[in-house]
Structures are given as C-alpha cells and as structure tokens.
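Summary of the model geometry
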Amino acid sequence: MEEELDRVARIQADWRRERPDLDVAPQGVIGRLHRLADRLTEELCLVYGRYGLSEGEFDVLCALRRAGEPFERAPGELAAHTMVTTGAMTKRIDRLERAGLVTRRRADDDQRGRIVALTRPGRDLIDRAFADHMRNERQLLDLLEPAEAAALETLLTTWLARVEPPGAPADG
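Let us look at the structure shown here. Only a predicted model underlies this, so the values are computations on that prediction, with no experimental measurement involved.

Residues Val29, Ile30, Leu33, Leu141, Leu144, Leu152, Leu156, Trp159 and Val163 make up a contiguous nonpolar surface patch of roughly 710 Å² in combined accessible area. Ranked by residues supplied to the nonpolar patch, first place goes to helix α7 (residues 146-163) with four residues. Note on placement: valine 163 falls in helix α7.

So, in structure tokens, the structure goes:
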C-alpha cells in the first residue's frame, strides 16, 4: 500500500508536474515549517485566550516578568524584546493598562520617557499563564521522541543563527 502524501508533498508533486524546470525541494522543509508554525501558534493562542490575552499581550507581560524586580521596562525596550513596532506596542500597553495588568509612569531620569510596570494582578496572571504555556509547549514537544526533539533543537539553533543576527532580542 502506498503511503499517503501530506499536503506539502502533494503541492510539491503538482509543481514538479507543472514546472519540472524548478527545484521545489525547499518546499519540503519551508512548507512544513510554515504549516507547523501556524498549527503551533493556534495551539499556543488557545492558552493565551484562557487568560484573556492576545499573543502580543502575552509577549509584553512575559517581557516585563523576565525583566526581574521591579518588573518594568521602557516602551521602546519592550518593543525590542517583543519585535513589534512602537505603535503596536502602545496599543498593547493601553489595553493591558485598562485591564489593570500594567501601569505607566514617567521615567525618573527623563521626564519625557515612560516606564511600563507589571501590577501585582499582572504578575499573578502572567505567572499562571506562563506556567500553563510551558505545560502546553511540553505537551506539543512530547509528540517527538526526546532524541528527535534534541536533534531538532540543534538544527533549528544552527539555522536560526545563520538567518538572524547575533544578539537579536528574545521573545516569548
């Protein structure tokens, strides 16, 4: 019995038929990574939603929580740590502030600057949400054998280092 082709393999077969002059082998990796990323994002967003957060809001709260005591950063620093524009960051901070999860104040050393800080309810929420997020990621990763997961992490680390500039801020 012939093994059924996955969606990416079917697309590649179509392109090989229609454009035999092109090497469509990269689709095998890139297409599957793209599909997997979409599926993983869906699964991760289910957890964020349980806490009333969007993916971006979760990222902002994580960036503040990772900052350590007193759990605050300047908006520009938050934008760098979440890789979004300052305009998008402002909208996220506005919503989180309305929800009572963060506060904004003037920077002590620069009256024009602002500082965003986690409130106690914000810290409690992100601590619970992040623990749930890690359980979810563990469940998703456990679909692979430990050796497969380790090999994948090594490959992805190598590839990402060649695509992304060293020292780029972490997110999540």
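Let us look at the packing of helix α1 (residues 7-18) against helix α2 (residues 26-50). Where α1 contacts α2, the two axes come as close as 9 Å, and the packing angle between them is 140°. The angle between the axes of α1 and α2 places the two elements in the oblique class. For the element pair α1 and α2, the recorded crossing hand is right-handed. Contacts between α1 and α2 pair Arg7, Val8, Ala9, Ile11, Gln12 and Trp15 from the former with Gln27, Gly28, Gly31, Arg32 and Arg35 from the latter. For the contact of α1 with α2, the per-class residue count stands at four nonpolar, four polar and three charged.

Right, let's get into unusual backbone geometry. Between glutamate 69 and the following residue, proline 70, the backbone shows a cis peptide bond with an omega angle of 5°. With respect to the helices and strands, proline 70 occurs in the loop between α3 (55-66) and β1 (72-73). In the Ramachandran plot, phenylalanine 71 falls in the positive-phi region, its phi being about 60° despite a non-glycine side chain. Examined against the element boundaries, phenylalanine 71 turns out to sit in the loop between α3 and β1.

To continue, consider α3. An α-helical turn contains 3.6 residues, so any two residues separated by three or four positions project in the same direction. With 12 residues, α3 extends 16 Å between its outermost C-alpha atoms, agreeing within 8% with the 16 Å of an ideal straight helix rising 1.5 Å per residue. Across the 12 residues that make up α3, a large majority, nine, are buried. When we look at burial in α3, the residues that qualify are Gly56, Glu57, Phe58, Asp59, Val60, Leu61, Cys62, Ala63 and Leu64. Taken from the residues just after α3, glycine 68 is the one with a positive phi, measuring 80°.

A word on α1. Here α1 is 12 residues long and its end C-alpha atoms lie 17 Å apart, about the 16 Å a rise of 1.5 Å per residue gives. Those residues of α1 not exposed but buried are Val8, Ala9 and Gln12. The arc enclosing the buried residues of α1, seen along the axis, measures out at 95°, which places them on a common side. Exposed residues lying more than 90 degrees from the buried face of α1 are Arg17 and Glu18. Those residues of α1 that are buried are in contact with α2. One side-chain oxygen at the N-terminal end of α1 lies 3.2 Å from the backbone nitrogen of valine 8; it belongs to aspartate 6.

This part takes up the environment of arginine 120. Along the polypeptide, arginine 120 turns up in helix α6 (residues 120-141). Judged by its relative accessible area of 52%, arginine 120 is exposed. Taking C-alpha positions, arginine 120 is 29 Å from glutamine 139, a pair spaced 19 residues apart along the chain.

Reading the values: the criteria
Residues numbered from 1 in each chain as written. Predicted model: local features only at pLDDT ≥ 70, side-chain atom pairs only at ≥ 80, totals over all residues. Heavy atoms only, no water. Patch = residues over 30% accessible without salt bridge, like charges linked within 9 Å, V, L, I, M, F, W, Y side chains within 5 Å. Areas by Shrake-Rupley, 256 points an atom, 1.4 Å probe, with all protein chains shown as cover. Salt bridge = Lys/Arg side-chain N within 4 Å of Asp/Glu carboxyl O. Helix = DSSP H or I, 4+ residues; strand = E, 2+ residues; numbered from the N terminus. Axes fitted to C-alpha atoms, helices over the stretch in contact; angles between N-to-C directions. Parallel < 35°, antiparallel > 145°, perpendicular 65-115°, else oblique. Left-handed = near helix turned anticlockwise from the far one by under 90°. Contact = heavy atoms within 4.5 Å. Nonpolar A, V, L, I, M, F, W, Y, C, P; charged D, E, K, R; others polar. Expected span 1.5 Å × (residues − 1). Buried < 20%, exposed > 50% of the residue type's maximum accessible area, 1.4 Å probe, protein only. Arc of directions from axis to C-beta. Polar contact = N/O pair within 3.5 Å; in protein donor to acceptor, adjacent residues only side chain to side chain.

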